[in-house]
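Structural overview
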Amino acid sequence: MAKLLTIQSSIFQVEGQSSLLAAKYVQNWKTKNPRGEVISRDLVAEPIPHLTLAHYQAFNTPQEQRSLEQQAMVHYSDILIKEISAAETVVMGVPMYNFTIPSTLHTYFDHIARAGVTFRYTANGPQGMLVNKKVIVFAARGGFYGDDHAQSAFLRQFLGFVGMTDVEFIYIEGLAVAGEAKKKNLAAANRRITELS
């Protein structure tokens, strides 16, 4: 059975432009995969706790030596990793806040990047373990920044680090700017959704 994981990080939740376009893609995907399963992770409705020293120590403590508190921390991270591991397709709604990704999404990344679980170090360097996935990023921005921007570079670097190298960005830019450019970008994004699904 096909599985899709959708991750939303807009403070506007379902009304955010990145969320709306991601939802449209998911709806089209469900039409094409009527027996498929969609897993939803709303990082605003259910915020991920920030990474702390206690989390770091729990992740690096052998399983048989973990305290009950450490077991609970690792279990929570395991749930997130299980979700993304099971999905063949990952859809991310990613607005730009202060030139980067939302802090809620960064915190999510902190919990799924675990040595020996989602990546490992080898003689040839780090190797991602979350492989064979298609990732579609709906990147919503108030201005015009294009693909050559630090936000896009960070997302590619992180996703590639854990093994997700098949990443497509669909940009919705100029949302804070009135005029034809905004309409043109939204129309282009909607066309690409139709093409993909």
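Before any of the text, the structure's been laid out above.
Residues numbered from 1 in each chain as written. Predicted model: local features only at pLDDT ≥ 70, side-chain atom pairs only at ≥ 80, totals over all residues. Heavy atoms only, no water.

1. Here we look at the pairing of strand E5 (residues 125-128)
Relative to E5, strand E4 (residues 119-122) runs antiparallel, the two sharing four bridges. Bridged to Tyr121 within E5 is Pro126. What sits between E4 and E5 in their antiparallel hairpin is a turn of two residues. (Pairing = 2+ DSSP bridges. Helix = DSSP H or I, 4+ residues; strand = E, 2+ residues; numbered from the N terminus.)

2. Considering helix H5 (residues 150-161)
Its 12 residues place the ends of H5 16 Å apart at the C-alpha level, agreeing with the 16 Å of an ideal helix rising 1.5 Å per residue. Along H5, the positions that sit buried rather than exposed are Gln151, Ser152, Leu155, Phe158 and Leu159. Projection of H5 onto a plane perpendicular to its axis shows the buried side chains occupying an angular sector of 140°, all on one side. Seen from the open side of H5, the exposed residues pointing more than 90 degrees away from its buried face are Ala150 and Gln157. Against the buried residues of H5 lie strand E3 (89-95), helix H4 (103-112), strand E6 (134-140) and strand E7 (166-172). (Expected span 1.5 Å × (residues − 1). Buried < 20%, exposed > 50% of the residue type's maximum accessible area, 1.4 Å probe, protein only. Arc of directions from axis to C-beta. Contact = heavy atoms within 4.5 Å.)

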